[in-house]
Amino acid sequence: MGPGDKPLVWLRGEVKTPPFSTTARLEAGLLLRRLQRGERLSMPHSRPMPSIGPRCHEPRIVDENLTWRIVYRLDSDAVILVDVFEKKTKQTSKRVIATCKSRLKEYDDA
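Model, not experiment: these values are computed from the prediction. (Residues numbered from 1 in each chain as written. Predicted model: local features only at pLDDT ≥ 70, side-chain atom pairs only at ≥ 80, totals over all residues. Heavy atoms only, no water.)

**Describing unusual backbone geometry**
Following Met43, the chain continues into Pro44 via a peptide bond in cis, with omega recorded as 10°. Note that Pro44 resides in the loop between helix 1 (22-36) and strand 2 (46-48). (Helix = DSSP H or I, 4+ residues; strand = E, 2+ residues; numbered from the N terminus.)

Structure (structure tokens):
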């Protein structure tokens, strides 16, 4: 990590091989590194998730036979990684949204 880079704060999940393929893990790592350096990702790499909260986003990591999502929030001092999950449907499930909101509330209240 270089000076001025934001740390990654993992609330849950991890990016490793397996279950990610090596290619998907490297893509996820590159996207996270760009976030650490202060870059804002947009489509097709990442989309906003206002249903979870302000500054929350969900990048798309296309793997061999599936797609991964990493829910994150951009804070002024860190990139908060809220969840990592396999995306099976077009819409993010209400359960995932509720869980992410709960984790962020717990993090903010700590």
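After that view of the structure, there is still more to cover.
**Overview of the pairing of strand 5 (residues 79-87)**
Burial runs high along strand 5: eight of the nine residues are buried. Examined bridge by bridge, strand 4 (residues 67-74) and strand 5 share eight bridges and lie antiparallel to one another. Paired with Tyr72 across the bridge in strand 5 is Leu81. (Buried < 20%, exposed > 50% of the residue type's maximum accessible area, 1.4 Å probe, protein only. Pairing = 2+ DSSP bridges.)

**Things to note about helix 2 (residues 94-109)**
Counted at 1.5 Å a residue, the expected span for helix 2 with its 16 residues is 22 Å, and the 22 Å between its end C-alpha atoms agrees. Val96, Ile97, Cys100, Arg103 and Leu104 are the residues of helix 2 that are buried. The buried residues of helix 2 occupy an angular sector of 130° when the element is viewed end-on, so they sit on one face. Relative to its buried face, helix 2 has exposed residues pointing more than 90 degrees away, namely Lys94, Arg95, Lys105, Glu106 and Asp109. Where the residues of helix 2 are buried, they touch strand 3 (56-62), strand 4 and strand 5. (Expected span 1.5 Å × (residues − 1). Arc of directions from axis to C-beta. Contact = heavy atoms within 4.5 Å.)

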